[in-house]
Amino acid sequence: MIIAVDGPAASGKGTIARALAAHYGLPHLDTGLLYRAVGQTVLDNGGDPASEADALAACSFADALLADARLRGEDAGKAASIVSAHPLVRAALIARQRAFAAQPGGAVLDGRDIGTVIAPDADAKLFVRATSAVRARRRHEEARKAGSTISYDRMLADIKARDLRDSTRATAPLRQAEDAALLDTSFLSIDAAISHAIELVEKQLARRTG
């Protein structure tokens, strides 16, 4: 069984995907980490994330990098949003993601193009969203707890800029798959969002088997 979870930054898709993986006993892949690893590698190499050549050269990163705490930072996130717009980078990482999805028993993957590009035939698809203000507040709180002094206004501007890049890129833009169930987490607690996500997945599975 393959479950695809898509959505913009800080929508809650990662938390929901991990919960679904635990609920159904499936492996989980945060595909955004792959792009963050590429972005971080470009930065470490002194390259430019906007350079497709620099980004493509960074796609051969070692799997161990995925455990690097720096990938969760804002710098890696910004670089990831930029490198993910390069068609050659997406092509280089697509096989890695599809192989994960195709493993025996299935998997849960979250990202921005799982239901539309990586696993268009997934058994269940969710598109998770929240208002930009709510998402900025979530990220600002995370950053504050981590010791960052970034302002809420700056975080909101960054969220909106990332949304624009992700939704307007020429290759695999962020969008809701036609057969994906919509889950808005703006005003839901984590537990409520997870519960609703499981309900939506169960309905999709029932339709497929019924």
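This section reports on the structure supplied with the text.

**Focus: the overall build of the protein**
Per the secondary structure count, the protein includes nine helices and five strands. Counting from the amino terminus, helix and strand elements in the protein follow one another as β-α-β-α-α-α-α-β-α-β-α-α-β-α. Taken over the C-alpha trace, the protein has a radius of gyration of 17 Å; the compact-globule value for 210 residues is 17 Å, and the two agree within 12%. When burial is assessed residue by residue, the protein has 49% of its 210 residues classed as buried.

**A few points about the environment of Asp 123**
Topologically, Asp 123 is positioned in the loop between helix H6 (114-118) and strand S4 (124-129). Judged by its relative accessible area of 25%, Asp 123 is partly exposed. Here the alpha-carbon distance between Asp 123 and Asp 191, two residues 68 residues apart in the chain, equals 23 Å. Not counting residues within four places of it along the chain, the set of residues in contact with Asp 123 comprises Met 1, Ile 2, Gln 204, Leu 205 and Arg 208. From its side chain, Asp 123 meets the backbone nitrogen of Ile 2 in a polar contact 2.8 Å long.

**Re the packing of helix H4 (residues 74-83) against helix H8 (residues 152-168)**
Orientation of H4 relative to H8, taken along the N-to-C sense of each, is 25 degrees, at an axis distance of 9 Å. In terms of orientation, H4 and H8 fall into the roughly parallel class. As for how H4 packs across H8, the hand of that crossing is left-handed. Contact residues: Glu 74, Gly 77, Lys 78, Ser 81 and Ile 82 in H4; Arg 154, Met 155, Asp 158, Arg 162, Arg 165 and Asp 166 in H8. For the contact of H4 with H8, a count of residues per class yields two nonpolar, two polar and seven charged.

**A word on the sheet that holds strand S2 (residues 28-30)**
Taken together, five strands build an open sheet; the order of strands is S2-S3-S1-S4-S5 and the sheet is parallel. Two strands close off the open sheet at either side, each with one partner strand: S2 and strand S5 (181-184). For this sheet, the mean angle separating the axes of adjacent strands, direction not counted, is 20 degrees. Bridge count for strand S1 (residues 2-6) against strand S3 (residues 107-111) is five bridges, and the pairing is parallel. What sits directly across from Val 5, in S3, is Asp 110.

Cut-off values and rules
Residues numbered from 1 in each chain as written. Predicted model: local features only at pLDDT ≥ 70, side-chain atom pairs only at ≥ 80, totals over all residues. Heavy atoms only, no water. Helix = DSSP H or I, 4+ residues; strand = E, 2+ residues; numbered from the N terminus. Rg over C-alpha atoms; globule rule 2.2 N^0.38 Å. Buried < 20%, exposed > 50% of the residue type's maximum accessible area, 1.4 Å probe, protein only. Contact = heavy atoms within 4.5 Å. Polar contact = N/O pair within 3.5 Å; in protein donor to acceptor, adjacent residues only side chain to side chain. Axes fitted to C-alpha atoms, helices over the stretch in contact; angles between N-to-C directions. Parallel < 35°, antiparallel > 145°, perpendicular 65-115°, else oblique. Left-handed = near helix turned anticlockwise from the far one by under 90°. Nonpolar A, V, L, I, M, F, W, Y, C, P; charged D, E, K, R; others polar. Pairing = 2+ DSSP bridges.

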